[in-house]
Amino acid sequence: MKIIACGSVPTVIAPEKYFTGRVLQTPIIEKEAPARLRATLVSFEPGARTHWHTHPLGQTLYVTEGAGLAQTWGGPIQEIRAGDVISFAPGEKHWHGAAPKSAITHIAMQEALDDVHVDWLEGVTDQQFGGRDT
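What comes next concerns the included structure. (Residues numbered from 1 in each chain as written. Predicted model: local features only at pLDDT ≥ 70, side-chain atom pairs only at ≥ 80, totals over all residues. Heavy atoms only, no water.)

Some details on the overall build of the protein chain
What counts here: Under the DSSP-based scheme used, a helix requires at least four consecutive residues in state H or I and a strand at least two consecutive residues in state E, with every element numbered from the N terminus. This radius of gyration counts C-alpha atoms alone. The globule rule is 2.2 Å times how many residues there are, raised to the power 0.38. With a 1.4 Å probe rolled over the protein chains alone, any residue whose accessible area is under 20% of its type maximum counts as buried; one over 50% counts as exposed, and the rest are partly exposed. Residue contacts are counted whenever heavy atoms from the two residues lie within 4.5 Å of one another. What sets the accessible areas is the Shrake-Rupley method with a 1.4 Å probe; for residues, cover comes only from the shown protein chains.
Secondary structure assignment for the protein chain yields one helix and 12 strands. Counting from the amino terminus, the protein chain carries its helices and strands in the arrangement β-β-β-β-β-β-β-β-β-β-β-β-α. In terms of overall dimensions, the protein chain is globule-like: its C-alpha atoms have a radius of gyration of 14 Å, near the 14 Å expected for 134 residues. Here the C-alpha coordinates of the protein chain stretch approximately 45 × 30 × 25 Å along the principal axes. Taking all 134 residues of the protein chain together, 37% fall into the buried category. The contacts of the protein chain with a sequence gap of at least 6 include a subset with a gap of at least 24, amounting to 70%. In the form shown here, the protein chain has an accessible surface area of approximately 7,500 Å², with 54% of it arising from carbon and sulfur atoms.

Right, here's the structure in full:
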């Protein structure tokens with residue numbers, strides 16, 4: 001058994017090259033090979049969001065607080081709220097984050113393939129974001 005004490009893992013500001021707006025990340029777990037799991041608590045201030053990205057083995061989000069938005073490439077923007085579970089298929093291009101006037105926090109869970117958890121792509125433009133209210 002291994003216990004990671006509350007407060008022993010630092011929260012970091014997410015890098016601007018992958019996110020728009022202020023986003024905080026607190027690692028929950030990153031298992032060493034041969035395991036592949038990574039989970040992170042991610043908090044987005046209003047209007048903050050990821051860039052477009054994919055995951056080689058897919059991604060699952062569990063929304064813990066607030067309300068936000070998520071979209072897959074070519075699909076409509078979907079509202080997401082506390083208690084929702086969102087699953088993205090392997091290789092599915094998508095983004096997720098806060099609504100324009102509402103913060104959101106979720107747990108992001110994904111597995112690595114050949115040590116790759118995520119492939120980051122271009123930013124989500126303000127036009128793509130659409131200025132939705134939630």
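A few points about the nonpolar core
As a reminder, the rule being used: To define a nonpolar core, start from buried Ala, Val, Leu, Ile, Met, Phe, Trp, Tyr and Cys residues and group those joined through side-chain atoms within 4.5 Å.
Core analysis: the biggest nonpolar cluster contains 15 residues, and V23, F44, I80, I86 and I104 have the highest contact counts within it. Elements with a minimum of two residues in this core: β4 (37-44), β7 (59-72), β9 (85-88) and β11 (104-111). In terms of residues, this core owes the most to one element, β7, which gives three residues. In terms of nonpolar packing, the next biggest core, distinct from the first, is built from seven residues, I77, W95, A99 and F129 among them.

Points about the pattern of salt bridges
Proximity of charged atoms lets side chains of opposite charge pair with each other. Formally: A side-chain nitrogen of Lys or Arg and a carboxyl oxygen of Asp or Glu constitute a salt bridge if their distance falls within 4 Å.
Following the criterion strictly, the structure yields five salt bridges and no others. Between E30 and R38 there is a salt bridge whose closest N-O contact spans 3.1 Å.

A short note on the pairing of β11
A regular strand places its side chains on the two faces of the sheet in alternate fashion. The following threshold applies: One bridge is not enough; two strands pair if DSSP finds at least two bridges between them.
Most of β11 sits inside the fold, with six of its eight residues counted as buried. Note: β4 against β11, eight bridges, orientation antiparallel. Considered in β11, the bridge of L37 is made with E111. Looking at chain direction, β7 and β11 are connected through seven bridges and run antiparallel. By the bridge assignment for β11, V63 is matched with H106.

Re the pairing of β4
Pairing of strand β3 (residues 23-30) with β4 involves seven bridges; the strand directions are antiparallel. Among the inter-strand pairings, E30 is bridged to a residue of β4, identified as R38. Counting the residues that bridge the hairpin from β3 to β4 gives six residues.

Here's the deal with the side chain of Q59
Condition: We define a polar contact as two N or O atoms separated by no more than 3.5 Å, with the added condition that, inside protein, one atom must be a possible hydrogen donor and the other a possible acceptor, whereas residues neighbouring each other in sequence contribute only through side-chain atom pairs.
As for its placement among the helices and strands, Q59 is situated in strand β7. Within the local environment of Q59, its side chain forms a polar contact with the side chain of H94, the two groups lying 3.0 Å apart. Within polar-contact distance, the side chain of Q59 engages the side chain of H96 at 3.2 Å. Beyond its immediate chain neighbours, meaning those up to four positions away, Q59 contacts H53, I86, S87, F88, H94, H96, A108, M109 and Q110.

Observations regarding the packing of aromatic side chains
The following threshold applies: Each pair of aromatic rings taken from Phe, Tyr and Trp, with Trp reduced to its six-membered ring, is defined by centres within 6.5 Å and is described as stacked if the planes are under 30 degrees apart, edge-to-face if over 60, and tilted in the remaining cases. Only when the NZ of Lys or the CZ of Arg is both within 6 Å of the ring centre and within 35 degrees of the ring normal is a charge said to sit over the ring.
Under the counting rule described, the total for this entry stands at five aromatic pairs. Between W52 and W73, the aromatic rings sit 4.8 Å apart at their centres with planes inclined by 75°, giving edge-to-face as the arrangement. Here W52 is found in the loop between β5 (49-50) and β6 (53-54), whereas its partner W73 is found in the loop between β7 and β8 (78-81), with 21 residues between them in sequence. Residue placement shows R49 over the ring face of F129; its charged tip is 4.2 Å from the ring centre. Against the face of W73 rests K93, its NZ or CZ located 3.7 Å from the ring centre.

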